[in-house]
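# A closer look at the structure
So you can see what is in the structure, the chains are spelled out below.
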Amino acid sequence: MRAGGKRVESNSAQLIRELRERTKELRCVYAISKICENPDVSLEDVLQRIVELLPASWQYADLACARIALQGDDFRTRNFARTRYRQSARIFVCGRLSGVLEICYLCSPRCGKHALFLKAEQKLLDMVAERLGRIVELKNAERELKSAHERLRCLLRSVENARENERKRIAHELHDELGHALMALKIDLGLLRDECPGMTVILEKTRTMSASIDTTIRNLQRIAWELRPVLLEEFGLSAAISTLGEEFEERSGIRCLVRVRAESGEFNQDLSLVLYRIIQELLTNVARHAMATKVTISLEKNKGRSVLSVKDNGKGLDQETLLGKKTLGLLGIRERVHSCGGTLQIQGQPNRGTSAIITIPFSITGERK
Ligand SMILES: Nc1ncnc2c1ncn2[C@@H]1O[C@H](COP(=O)(O)OP(=O)(O)OP(=O)(O)O)[C@@H](O)[C@H]1O
Ligand SMILES: [Mg+2]
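### What about the overall build of the chain?
The secondary structure content of the chain amounts to 9 helices and 9 strands. The C-alpha atoms of the chain give a radius of gyration of 36 Å, which is well past the 21 Å a tight globule of 369 residues would have. Principal axes of the C-alpha set define a box for the chain whose edges measure 140 × 45 × 35 Å. Per-residue burial for the chain yields a buried fraction of 22% across its 369 residues. Across the chain, every contact between residues at least 6 apart in sequence was considered, and the portion connecting residues at least 24 apart equals 64%.

In structure tokens, the structure reads:
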């Protein structure tokens, strides 16, 4: 009876011991998952944190030290020393042997008849090594994605700059070449009229031709102005936005209110052009999609930042349909704002309109256009 009782006692002691070991393993796995959750932590930090938490999961934690050698880098606990009481697992990245994970005991633990390392510890080590391989793969993929994104941003910026220069060139040609040629035609028509007194048919024809030249010159000026907002360069952002609002109202029939609560002088050329182009794109969207009767543009400064808001009272932008669309307007705005270190919030409510709020710091530089 006594012998039976002793056996039960030793079995339950063994079970408790195993349970304690399993709990340590689980804690280790959970801690590794937690470390990997934060995408902002660098790969180096992740590996250092993991190596530091490993010894606590081994039977003789006080004597244990750990090291990860991976792709030429070395991460180790402060007390690490390679001894003959060692256990290791190989790390594979994308199927290639890329490193090793090792646990050592600083001296021989007094484990008597028990094994120096448990089977479960080797399993845990293998599992951590496999996980490390996957973490590296993931971080590499993240890095590549980030750099591809950065390259795309760069490309978009240079495309925007090229577009802006091309707009200037075309506006110049329209104004200086075509505009002057039309003016010369108009003068010649006047001379022709003077040469043909009493020839009513010709006089009438020259009159309609002259009127049509006037209309063409006006259209030409409007197009040139849209391409290159001279007013923006000469009179500043407030005046340019007001004119933009008036012209928008005239053309679309949508009431446009403009409130600028900041001095034009506070916006440098680059920031002014960015804000101006954003307003142009947002107003185009209002005219094309919103079915609105009113739009309000407001611009103010707040803690060293310019805050632009464009709100309409239309049908409201639907974020879900936005997901499936391959459109460029809002994407272009987002990228412009992002490259200036700013933020964009755009929201719509069914039948209660859409509001876009853009915040950009005053101190943007020329190349970030
Ligand atoms: N003010 C708005 N009210 C309602 N829906 C809007 C508004 N602005 C944008 N949208 C919706 O968001 C979509 C995306 O706008 P975005 O400017 O990116 O593209 P687009 O105007 O359709 O084409 P483009 O690339 O020529 O600008 C629009 O197709 C429209 O469905
Ligand atoms: Mg658009």
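### A word on the pairing of strand β4 (residues 96-105)
By the bridge criterion, 7 bridges tie strand β1 (residues 64-70) to β4 in an arrangement that is antiparallel. Across the sheet, residue Cys65 finds its bridge partner in β4, namely Cys104. In the sheet, strand β3 (residues 86-93) pairs with β4 via 8 bridges, with the strands oriented antiparallel. In the strand pairing of β4, Ile91 is matched with Gly99.

### Structural notes on the site of ligand 1
With respect to spatial proximity, 19 residues lie near ligand 1, and among them Asn285, Ala290, Thr327, Gly329 and Leu330 are the closest. Contributing elements (two or more residues each) for the shell around ligand 1: α7 (269-290), α8 (319-324) and α9 (329-339). Of all the elements, α7 adds the most residues to the shell around ligand 1, at 5 residues.

### Topic: the domain arrangement of the chain
Accessible area lost on assembly of the parts is the figure often given for the size of an interface. One can read the domain layout of the chain as domain 1 (2-147) and domain 2 (254-369). For domain 1 versus domain 2, the separation of C-alpha centres amounts to 52 Å.

### Considerations on the environment of Leu53
Position of Leu53 among the secondary structure elements: in helix α2 (residues 43-53). Residues Leu53 and Ile32, spaced 21 residues apart in sequence, show a C-alpha to C-alpha distance of 8.5 Å. The residues touching Leu53, leaving out its near neighbours within four places in the chain, are Cys28 and Ala31.

### Brief notes about the sheet that holds strand β8 (residues 343-349)
Within a beta sheet, neighbouring strands are joined by backbone hydrogen bonds and run either parallel or antiparallel to one another. Strand order in the open sheet formed by 5 strands is β5-β6-β7-β9-β8, with mixed pairing between adjacent strands. Either end of the sheet is taken by a strand with one partner, and the two such strands are β5 (255-261) and β8. If you compare each strand with its neighbour and ignore which way they point, the axes differ by 10° on average. Sheet topology places β5 next to strand β6 (residues 294-302); 7 bridges connect them, and they run parallel. Note that in β6 the partner of Cys256 across the bridge is Val295. Sitting on the sheet, α9 is in contact with β8 and β9 (353-361), with an inclination near 145° to β8.

### Brief notes about unusual backbone geometry
Unusually for a residue other than glycine, Cys94 sits at a positive phi of about 50°. Inspection of the secondary structure puts Cys94 in the loop between β3 and β4. Here Cys94 falls in the exposed class, since 10 other C-beta atoms lie within 10 Å of it. Here the phi dihedral of Asn351 falls at roughly 60°; this positive angle occurs in a residue that is not glycine.

### Concerning the nonpolar core
Among soluble globular proteins, nonpolar side chains are generally buried collectively. Of all hydrophobic cores here, the largest spans 29 residues; its most connected members are Leu275, Ile278 and Ile279. Broken down by secondary-structure element, the contributors of at least two residues to this core are α6 (237-252), α7, β6, β7 (305-312) and β9. Among the elements that line this core, the one with the most residues is α7, at 10 residues. Not counting residues up to four positions away in its chain, the partners in contact with Ile279 are Ile241, Leu244, Ile297 and Val310.

### Concerning the confidence of the model for the chain
Of all residues in the chain, 96% attain a pLDDT of 70 or more, and the chain-wide mean is 89. Low pLDDT (under 50) marks residues 365-369, which in the prediction has 11 contacts with non-local residues, meaning those over four places away or in another chain.

### So, the sheet that holds strand β2 (residues 73-76)
An order of β2-β1-β4-β3 is seen for the 4 strands of this open sheet, with the pairing classed as antiparallel. Each edge of the open sheet is held by one strand with a lone partner, namely β2 and β3. Within the sheet, the average angular offset between the axes of one strand and its neighbour, ignoring direction, is 15°. Seen against the sheet, α2 touches β1 and β2 and runs at an angle of roughly 155° to β1. Lying on the sheet, helix α3 (residues 119-195) is in contact with β1, β3 and β4; it crosses β3 at an angle near 30°.

### With respect to α2
Those residues of α2 that fall on the buried side of the exposure criterion are Val46, Leu47, Ile50 and Val51. Across the axial projection of α2, the buried residues extend over an arc of 125°, all falling on one side.

Conventions we followed
Residues numbered from 1 in each chain as written. Chains lettered and ligands numbered in written order. Predicted model: local features only at pLDDT ≥ 70, side-chain atom pairs only at ≥ 80, totals over all residues. Helix = DSSP H or I, 4+ residues; strand = E, 2+ residues; numbered from the N terminus. Rg over C-alpha atoms; globule rule 2.2 N^0.38 Å. Buried ≥ 20, exposed ≤ 12 C-beta atoms within 10 Å, placed from the backbone. Contact = placed C-beta atoms within 7 Å. Pairing = 2+ DSSP bridges. Near = placed C-beta within 6 Å. Domains from an automatic or database assignment. Axes fitted to C-alpha atoms, helices over the stretch in contact; angles between N-to-C directions. Core = buried A, V, L, I, M, F, W, Y, C linked by C-beta atoms within 7 Å. pLDDT = per-residue confidence, 0-100. Arc of directions from axis to C-beta.

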